[in-house]
Amino acid sequence: MNAATELQPLAFSLVAESDGDIATRENLLDRAMGPGRKRKSSEKLRRGRKPSEGLALVARGSNGSLAGTVRLWDVAAGDRAALLLGPLAVDPSLKGAGIGGALMRLAIEEARRLGHKAILLVGDAPYYARFGFTAEKTGALAMPGPYERHRFLALELEEGALDGAQGVLRATGRKATRHEVAAAA
């Protein structure tokens, strides 16, 4: 590989997830997040549900391979409708190529376009701060099960959307069929 080749940016496209992506996505998530990923509190809110309509996105390499994934889920934050983002994952061999950032920007843009008012997540505060996420609006909210409070972050897509929100997050999204649940297991 010569120096000119090494400096060329990775070509990828961002598109809606398809049914054919299920096994590849699950494999990518296992490689990127490890075997304990299904025991996280966020997973309790996703289990048995479908992602929010139009908010399951993937990055594909120039050869069509799955390079990254992000999904957003419908939840209730107290008496407020919100989205829970996650997991966001990039193929470990492609870290640092800008795929995760591009998926985040598209996910936020699409959520806003679809009329959602707030996004919540549990993640690395320094990474997600560049997209506007903070712990400022999550103080009176909680995840079901164990989590690190300082990693519980929110982004209001509409100012004041989470003002006064309190309570434990709960799933409100569309339920998955048995076939869909089995395919993702």
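See the structure above.
Fair warning: this is a prediction, and the values are worked out from it, not measured in the lab.

**Student:** So what about the overall build of the chain? Which residues, and what values?
**Tutor:** Within the chain, the regular secondary structure consists of 6 helices and 10 strands. The C-alpha atoms of the chain give a radius of gyration of 17 Å, which matches the 16 Å a tight globule of 185 residues would have. For the C-alpha atoms alone, the extent of the chain along its principal axes is close to 55 × 35 × 30 Å. The buried share of the chain, taken over its 185 residues, is 44%. Of all intrachain contacts in the chain linking residues separated by at least 6 positions in sequence, the fraction that spans at least 24 positions is 69%. In the structure as shown, the chain presents an accessible area of about 9,700 Å², 52% of it carried by carbon and sulfur atoms. Across the chain, the centroid of the 27 positively charged side chains sits 5 Å from that of the 21 negatively charged ones.

**Student:** Break down the pattern of salt bridges for me, with residues and values.
**Tutor:** Between side chains of opposite charge, a pair can form when the charged atoms approach closely. For the structure shown, the criterion picks out 13 salt bridges. Between Glu17 and Arg25 there is a salt bridge; the shortest N-O distance is 3.0 Å. The pair formed by Glu17 and Arg25 is uniform in burial state, with each residue classed as buried. For Arg113, the salt bridge identified is with Glu110, shortest N-O distance 2.7 Å. Remark: Glu110 and Arg113 occur in helix α4 (residues 99-113); sequence separation between them is 3 residues, near one turn of the helix. Its relative accessible area of 57% is what places Arg113 among the exposed residues. Judged by relative accessible area, Glu110 falls into the buried class, the value being 15%. In the salt-bridge network here, residues are joined through shared partners; they are Glu17, Arg25, Glu26 and Arg71.

**Student:** So what's going on with α4? Which residues, and what values?
**Tutor:** Under the 1.5 Å per step criterion, the end-to-end length of α4 is 21 Å for 15 residues, consistent within 8% with the ideal 21 Å. Where burial is concerned, most of α4 is hidden: 11 out of the 15 residues are buried. Listing the buried residues of α4 in full gives Ile99, Gly100, Gly101, Ala102, Leu103, Met104, Leu106, Ala107, Ile108, Glu110 and Ala111. Looking one or two places after α4, you find Gly115, whose phi comes out positive at around 90°.

**Student:** Before we move on, could you go through the nonpolar core and cite the residues and values that matter?
**Tutor:** Core analysis: the largest hydrophobic core is formed by 25 residues, its most contacted members being Leu85, Met104, Ile108, Ile119, Tyr128 and Phe133. Counting only elements with at least two residues in this core, the list comes to β2 (56-61), β3 (66-77), β4 (80-85), α4, β6 (118-122) and β8 (152-156). Of all the elements, α4 adds the most residues to this core, at 7 residues. When neighbours within four sequence positions are excluded, Met104 is seen to be in contact with Leu85, Leu88, Tyr127, Tyr128, Phe131 and Phe133. Of all hydrophobic cores here, the second largest spans 16 residues; its members include Ala77, Leu141, Ala154 and Ala165.

Reading the values: rules and limits
Residues numbered from 1 in each chain as written. Predicted model: local features only at pLDDT ≥ 70, side-chain atom pairs only at ≥ 80, totals over all residues. Heavy atoms only, no water. Helix = DSSP H or I, 4+ residues; strand = E, 2+ residues; numbered from the N terminus. Rg over C-alpha atoms; globule rule 2.2 N^0.38 Å. Buried < 20%, exposed > 50% of the residue type's maximum accessible area, 1.4 Å probe, protein only. Contact = heavy atoms within 4.5 Å. Areas by Shrake-Rupley, 256 points an atom, 1.4 Å probe, with all protein chains shown as cover. Lys, Arg positive; Asp, Glu negative; His and termini not counted. Charge placed at Lys NZ, Arg CZ, Asp CG, Glu CD. Salt bridge = Lys/Arg side-chain N within 4 Å of Asp/Glu carboxyl O. Expected span 1.5 Å × (residues − 1). Core = buried A, V, L, I, M, F, W, Y, C linked by side-chain atoms within 4.5 Å.

Treat this as a map of the structure, not an account of what it does.
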